[in-house]
Structure formats: C-alpha cells, structure tokens
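Structural overview
For reference, the chains in residue letters:
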Amino acid sequence: MAKSSFFQTILSSSELPSMATQRLYLFSLTLLSLLYLAKPFVPTNHFLLNCGSHANASLFNRVFVYDSANPSSVSLSADRSVSVTDRNPSPNSPILYRTARVFTADSSYKFIVKKNGTGTHFVRLHFSPFRARNFDLGSAKFNVVANGFLLVRGFSVSNTVLKEYILEIDGEFLEITFSPVSDSGFAFVNAIEVFTAPKDFIIDDGARLVNSNGIENYKNLTSQVLETVHRINVGGLKLTPFNDTLWRTWIPDDGFLAFKTAAKQAVTTHVPNYQTGGASPEIAPANVYMTAQQMNRDNLTLNGIFNVTWDFPVGSFGASYLVRLHFCDIVSPALNQLYFNVYINDYAAYRDLDLSMLTFHVLSSPVYLDFVVDSEDSGVIRVSIGPSDLSTPSRINAILNGAEIMRLVNVKGLHGESKKRNVWILVGLVVGGFVIVCLGVAAVLLIFKCKKKKPKPPRRVESAGWTPLRVFGGSSYSRMSEGTATTSPGPNGSLRIPFVDIQAATNNFDKSLIIGMGGFGMVYKGVLKDNTKVAVKRGVPGSRQGLPEFQTEITVFSKIRHRHLVSLVGYCEEQSEMILVYEYMENGPLKNHLYGLKHPPLSWKQRLEICIGSARGLHYLHTGSAQGNR
Ligand SMILES: *[C@@H]1O[C@H](CO)[C@@H](O)[C@H](O)[C@H]1NC(C)=O
Ligand SMILES: *[C@@H]1O[C@H](CO)[C@@H](O)[C@H](O)[C@H]1NC(C)=O
C-alpha cells in the first residue's frame, strides 16, 4: 500500500489510475469530434440595441432593435435623455450610427439575463459622434460603468469608436450607466451589444503571469473585466464581423512589426483541424489560423538566428493585460519539427513551444495560449517569437497566427476565494473516478496496468534525486528525455511552506478538520495566511516511509498546472515532517456526487464533460506538462 498509494491518493479520493492508455484518449478524441459537429454558436443572451431611434437598423446583417420599442428584457432609466438624429449624415455612414441617445444626467440601460444565462459576456458600445440640433456629440464627456466597474472615465470621441469588453454577469442583470462628467456635460451612445460568450471563452486558471519573477499561474481571470485593445490576424487580411462567429474585427499585423524584413507570411488553403488543440471557431475563426508570420530565413542580411517582434501600443501605464496568442502549425510538413520560444516584454513567456504536443499530435490544429503581463514604461506590449535550442538547424522557425491584447480593467472587489462557476469541472478535477464508470471494463484493465507499471515521469525524476528545484533550473529538460516534458520555466523555491504556517492553517492538525485518510497519512482541511483554502496531507511524523514518493510528488506536481488536475500549493519538509499542500476542492470528491444522496444528480451533459475533463487531465499527466493551459 505504502508505495503506490502516494501517487494515487493525491489524484484523489478516487481510485484514479495514474496513467491513461491509448484507448482512453481515443475515447476522448472521439467525443471531442462529436462535440465539434455541434451547431454553430448561439449566445444564450443576445441584445442588440439601436439607441435613440424609432426604427430597427442593421449592421453586418445583424438587426439592432430600437430602444424606444421597450424590448421586454431591457429597461432604460433615464430621467433626462433625448433621441438625436444626424441630419446631415455622410452617405456611407451606417443607419445604425445616424441616431444616438443623449443623457444629460446619470442614466442606465438594464439588460435582464436569462435564468441560466449568467457567465462571461461580450459588451460592445458603439460611439459615432455627429452634430445634432442641440448637441455636438464630439463634445460629450462622460463615464461609463457596468455593474459597478468603471469602463471608461472622462471619455470623449471624435471618430467612430467601438469599445469592446468581456465581463462576467453573475447576477440577474447587467446595468450600464452613462454619467456626464460635468453638470453642463452630457453622455451619448449609438448602439449597444450584449451577448453571452461561448463557455470557457475565458477560464480562471488558464493564463500564465509573465514578469520579472518568472512564470506563475494567473488566477481568477473570469472575475476581471477585459477591454479589447488589439485583435490581430497575423500574416493575414482584415476580417470583418461577417467572417467571425462572434462578429469580431481582426486587423492585419503589418503595422506592428518591429522589423518587417524579419517576417515572412505563411498561408495555407487547408481549413484547420479544430478538434484537438483546444481552440474553437469561436476562439478565433479559421481565417486567423490559416495565415501566420514566420521567420524570414531567406533574408541573408540576418544571421539565421533572430526573433520576429511586434510592438503593440497600449497607452496606459501601470495596467495589466491579457495577451492571447493564437498558433496553428501551417508551416511544418510533419509533426514535431517546430520548436520555438515566445517572449513577451522580453521575458521568456513560453520556451520550446511544441505545437504538436499541445494538439495531441495533430498537425495544423489551432492552439491558443493566454499570458498576463504588465505594461512597460514604453507603453507597448512587445511580443517576440524566435528559435528554440531544440530546433534542428535545418528546421529553425517560429510562427504566430494571431494575437489579442486586452486590458484588465479592474480587479473585482473582494470576492472571497475563487468562485468556480462549474461545479462539474471542479469535480472533474479531483477525480477521474468517473472515467472508470464510463469505461467499465477498459478501466479495470487500466488499473491493472497501472499497478504493475510505475508512472514514467516520476521514475525519471527519481533518478535525479531529491532535487525538485534543480529540475526546473535547466531550460531544456526536453523531449530528449522520453518526449515528456518540454519544460516551461517552473516554480521557484516559493513552494516551501514553513511548518508553523501549516500548524496555523490546520489549527495544529485539529482532528475535526480531517477530511481524508490515505496510506500516507491524514488529510486536513486548512486555510493559509492569505485565506487560500487548502488540503494538507501529512505523512506520519517521524517516519521517513514514502520519502521517494514525497519527493517525486513535489517534483512532478509542482510542474503541473492543468485545469482538470488539482495543483500543488506547496510542501513542508521540516522537523522530520513530510507535508504536501494542495488546492482545496470545495465540492468534494466526484464520488459523492455520483453515489451520494446529498447532491442533486449530475446531468448527462455534466457527466460527459467530466469524462472529457478527466481524460484531458490524464492525457496531460501522460504526455508531460508542456501544455499548462488546456
Ligand atoms: C469575409 O466576409 C466577406 C463577406 O461575406 C467576404 O466577401 C470575404 O471574402 C470574407 N473574407 C475572408 C478572408 O474570408
Ligand atoms: C529574442 O528576444 C529575447 C527577449 O528579448 C532575447 O532574450 C533573445 O536573446 C532574442 N533572441 C535572439 C536570437 O535575438
């Protein structure tokens, strides 16, 4: 029991086999393909409002309903508002932009969302100033607030501007308030869009925070309001809302390239294979993934090893940005030939990126990666791609297909600990137990195999001895070693937690806080100083039994960052203690949701998603930790 139980108990409270087989991921891939045959995306909530008008108007074939029609789920509270009309419109100005609603005092639109309609939403505000009888819209100055978040302050416009935000609606409505800045001032808006984003468009644990401290996981992204600053179709043409299922506009990258001669366009006519890389047509349309910039190696004035760099002006200082980069290997003739590095603001954001790995070994499958960075004093976000040491000399290249830069508008007030929206994802984490239910007989085989065979990554690491941190030091602990880990820069020594802190967190190992028991010792619920809830697993004090497993676990699990796997928060090895500290799973083990009577039964959809989530987690464990985001 002692030996194998260690690895198993963390994955936890379940009889989760630690490794998957081909069979397992074939299963999940089949499901994924089925899912992608599903209907085109239809937002749960979808409001298109033509403000200050008496008739509907359309833009890119979308009908905006006039606000005075009093659509049932939108209400306007404006004591002092007027509808204004452009009396002298230019012939190519869209009808939608020829009217506006002007507010001379604080006023708001309230959009009532459907019962099951909470979650991430797109909000677009259209401003197109014109001269009306009593108002010159170009001289308006105002603030806009959405559910308490200040979106813009002291805003005024001289040209048509579309402001796009991505935010979470977690209550029954979204209220957008327009407030004139001075008493004599006024606010206006021409049109408003509010619609539900696809599920998991923004996820809490998917982004890497990149700064001078290295790389960390950025948590709680969904509680942020994002403002789109740039949306770029790298190496391609402008894409309009006609070409995008979420009605976005993507612009070419030429104007942002630091050295145009360093880059060379790549274009394919093959439609990308959306099945395995984690992106979907909603994440970015096929046109984005069918073009890229790559290293221009024909250019003999460059010595063959160089970066391709883009500088994206962002203006505001002291803000943080979500940088979402899109990749699809349209340049390699075969798998595993392209390795490159990604830098943001000159920090290594992703080393030795191997797209084949992130796509479950499918060529030209779209992938996206999220990074959170701070703006530099220069007011630009610099993105570079360049060759990795792992490239074979004849295959040196690097690519980028798309880039989006979004400002983090604000940190939402104290929300307590991270609020996870999807019970089932959470549950999916802890677990994997459900895979067993799904796979029935196959799973029995699996367990059998796993018992006999020790997991690969631990074995490899064990031989490296008790030096978890050294493993991360090297930059290319690479595919050379069993094709598992293309390491991203790992955590630093910060994983160590002092024993006293753990005592404090668990009320000195209070028996009433015991939530589980394994071959290795007790598991306690605890709360760290920073209020993070954790599960604390304590080896029997004094006994060094299980030491190699303990060490292996730190090495392996400190590298693991995956939304379907519990992550290691830290460890303590002091006073002959061996303690591991994990993320606490609020909803407990999946088992209880499947068999217990305490919880409402899971729907088949949830069960299916759990299967897929578990399979993804297992696959990740199986193939290495290169893909922290999936
Ligand atoms: C975008 O859509 C327009 C209108 O349907 C079409 O004419 C154009 O070719 C599309 N562009 C691309 C790159 O597909
Ligand atoms: C690419 O850019 C990074 C970050 O600025 C830098 O550290 C690296 O040396 C550059 N690589 C080359 C080949 O110029």
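Here the residue numbering is sequential within each chain, running from 1 through the sequence in written order. The order in which chains are written sets their letters, starting at A; the order in which ligands are written sets their numbers, starting at 1. At least 70 in pLDDT is required for a residue's local features to be given in this predicted model, at least 80 for side-chain atom pairs to be given and counted, and no such filter applies to totals for whole chains, interfaces and linings, which use all residues. Hydrogen atoms and water are omitted, and side-chain values are computed over all heavy atoms in the structure.

1. Here we look at the overall build of the protein
Strands here mean DSSP runs of E at least two residues long; helices mean DSSP runs of H or I at least four residues long; both are numbered from the N terminus. The number of helices and strands found in the protein is 13 helices and 33 strands. In the protein, the proportion of contacts linking residues at least 24 apart, taken out of those at least 6 apart, comes to 75%. Computed with a 1.4 Å probe, the accessible areas rest on the Shrake-Rupley method; for each residue, only the protein chains presented here act as cover. Of the roughly 27200 Å² of accessible surface on the protein, 54% is carried by carbon and sulfur atoms. Whether two residues touch is decided by their heavy atoms; if any such pair falls within 4.5 Å, the residues are in contact.

2. Focus: the site of ligand 1
Residues are classed as near a molecule or strand on a simple rule: at least one heavy atom within 4 Å of it. Inspection of the region around ligand 1 gives Leu239, Phe242, Asn243 and Asn287 as its neighbouring residues. Within the side chain of Asn243, a nitrogen or oxygen atom sits 2.3 Å from an oxygen atom of ligand 1. Any N or O atom pair separated by 3.5 Å or less is treated as a polar contact, with the protein-specific requirement of one donor-capable and one acceptor-capable atom, and with residues adjacent in sequence counted only for side-chain atom pairs. Interatomic distance of 3.2 Å between a side-chain N/O atom of Asn287 and an oxygen atom of ligand 1. Calculation on ligand 1 without its partners gives an accessible area of 360 Å², and the protein chains cover 41% of this total. In this classification, the charged set is Asp, Glu, Lys and Arg, the nonpolar set is Ala, Val, Leu, Ile, Met, Phe, Trp, Tyr, Cys and Pro, and all remaining amino acids, among them Gly, are polar. Looking at the shell around ligand 1, its residues break down into two nonpolar, two polar and no charged.

3. Remarks on the pattern of salt bridges
Here, a salt bridge means any side-chain nitrogen of Lys or Arg that lies within 4 Å of a carboxyl oxygen of Asp or Glu. In this structure the tally under the stated criterion is 16 salt bridges. A salt bridge links Glu193 to Arg62, with the nearest nitrogen and oxygen atoms 2.9 Å apart. With Glu193 in strand E14 (residues 191-196) and Arg62 in strand E3 (residues 62-66), the pair connects residues that are 131 residues apart, well separated along the chain. When its relative accessible area of 2% is taken as the criterion, Glu193 is described as buried. With relative accessibility at 8%, the residue Arg62 sits in the buried group. The partner of Glu609 in a salt bridge is Lys605, and the shortest N-O contact between them spans 3.5 Å. Residue Glu609 and its partner Lys605 are located together in helix H13 (residues 604-623), separated by four residues, close to a single helical turn. The buried label goes to any residue with under 20% of its type's maximum accessible area, the exposed label to any with over 50%, and the partly exposed label to all in between, with areas taken from a 1.4 Å probe on protein chains only.

4. Some remarks on unusual backbone geometry
Phi at Asn147 takes a positive value of approximately 40 degrees, unusual for a residue other than glycine. For Asn147, the position within the fold is in the loop between strand E9 (142-146) and strand E10 (149-155). Of note, Asn507 is a non-glycine position whose phi angle comes to about 55 degrees, a positive value. Within the secondary structure layout, Asn507 lies in the loop between helix H10 (499-505) and strand E29 (514-517).

5. Topic: the side chain of Asp204
By the secondary structure assignment, Asp204 is in the loop between E14 and strand E15 (207-211). Taking the relative accessible area as the measure of exposure, Asp204 reaches 12% and is therefore buried. A distance of 3.2 Å separates a polar side-chain atom of Asp204 from the backbone nitrogen of Leu221. A distance of 2.6 Å separates the side chain of Asp204 from the side chain of Thr222, its partner in a polar contact.

6. Some points on the packing of aromatic side chains
Under the pairing criterion, centres of Phe, Tyr and Trp rings, with the six-membered ring standing for Trp, must be within 6.5 Å; the plane angle then separates stacked pairs below 30 degrees from edge-to-face pairs above 60, leaving the rest tilted. What the rule picks out here adds up to 21 aromatic pairs. A ring pair is formed by Phe327 and Phe340, whose centres lie 5.6 Å apart and whose planes are at 55 degrees; its orientation type is tilted. Taken together, the residues span a long stretch of sequence, with Phe327 in strand E22 (residues 320-327) and Phe340 in strand E23 (residues 340-344) at a distance of 13 residues. One aromatic cluster is present, built from ring pairs that chain together Phe47, Phe103, Tyr109, Phe111, Phe127, Phe142, Phe155, Phe178 and Phe188. Note on geometry: a ring has a charge over it if NZ (lysine) or CZ (arginine) is within 6 Å of the ring centre and within 35 degrees of the ring normal. Over the ring of Trp247 we find Arg62; its NZ or CZ atom is 4.1 Å from the centre of that ring. The positively charged end of Arg231 is found above the aromatic ring belonging to Trp250, 5.8 Å away from the centroid.

7. Quick look at the UniProt feature "binding site: ATP" (unreviewed entry) in the protein
UniProt positions are given in the numbering used here, feature names are shortened, and annotations may be inferred rather than shown by experiment. Mapped onto this structure's residue numbering, the UniProt feature "binding site: ATP" (unreviewed entry) falls at Lys537. With respect to the element layout, Lys537 can be found in strand E31 (residues 533-539).

8. Here we look at the site of ligand 2
The local shell around ligand 2 consists of Ile305, Phe306, Asn307, Tyr343 and Asp346. At 2.8 Å from an oxygen atom of ligand 2 is found a side-chain nitrogen or oxygen belonging to Asp346. Protein contacts shield 55% of the accessible area of ligand 2, which totals 360 Å² for the unbound molecule. Of the residues belonging to the shell around ligand 2, the class tally is three nonpolar, one polar and one charged.

9. As for the environment of Phe371
If you trace the backbone, Phe371 turns up in strand E25 (residues 367-374). Each C-alpha atom, one on Phe371 and one on Ile215, is 9.4 Å from the other, the two residues being 156 residues apart in sequence. Excluding its chain neighbours within four sequence positions, the residues that come into contact with Phe371 are Arg208, Val210, Tyr321, Leu322, Val323, Leu325, Ile344, Ala349 and Tyr350.

10. Brief notes about the sheet that holds strand E7 (residues 107-112)
The rule for pairing is simple: two strands pair if DSSP sees at least two bridges between them. Within the open sheet, the five strands sit side by side as E4-E7-E12-E9-E10. Their pairing is antiparallel. Every interior strand has two partners, whereas the edge strands, strand E4 (74-77) and E10, have only one. Each adjacent strand pair in this sheet contributes to an overall mean axis angle of 10 degrees, direction not counted. For E9 and strand E12 (residues 173-180), the ladder comprises five bridges, and the chain directions are antiparallel. Bridge pairing in E12 links Phe142 to Pro180. Here, axes are lines fitted to C-alpha atoms. For helices the fit covers the stretch in contact, and angles between N-to-C directions go from 0 to 180 degrees.

11. Focus on the sheet that holds strand E19 (residues 263-267)
Reading across the sheet, the three strands line up as E19-E20-E27 and stay open at both edges, with antiparallel pairing between neighbours. The outermost strands of the open sheet, each flanked by one partner alone, are E19 and strand E27 (399-400). In terms of strand pairing, E19 meets strand E20 (residues 291-295) through five bridges, oriented antiparallel. By the bridge assignment, Val267 is partnered in E20 with Thr291.

12. Some points on the pairing of strand E16 (residues 214-218)
Where E15 and E16 come together, five bridges link them in antiparallel fashion. By the bridge assignment, Asn211 is partnered in E16 with Gly214. Linkage of E15 to E16, two consecutive antiparallel strands, is achieved through a turn of two residues.

13. Describing H13
Take the number of residues in a helix, subtract one, and multiply by 1.5 Å to get its expected span. Given a rise of 1.5 Å per residue, 20 residues ought to cover 28 Å, and the 28 Å separating the end C-alpha atoms of H13 matches this to within 8%. Most of H13 sits inside the fold, with 14 of its 20 residues counted as buried.

14. Quick look at the confidence of the model for the protein
Scored by pLDDT, the protein comes out at a mean of 78, with 75% of its residues at no less than 70. Scored below 50 in pLDDT, residues 1-38 shows 90 contacts in the model against residues more than four places distant or in partner chains. Per-residue pLDDT stays below 50 along residues 626-630; that stretch engages in 32 contacts with residues further than four places along the chain or on separate chains. Summary of the metric used: pLDDT quantifies the predictor's per-residue confidence within the range 0 to 100.

15. Some thoughts on the environment of Phe242
In this structure, Phe242 sits in the loop between strand E17 (224-233) and strand E18 (251-252). Taking the C-alpha atoms as reference points, Phe242 and Leu59, 183 residues apart in sequence, are found 9.9 Å from one another.

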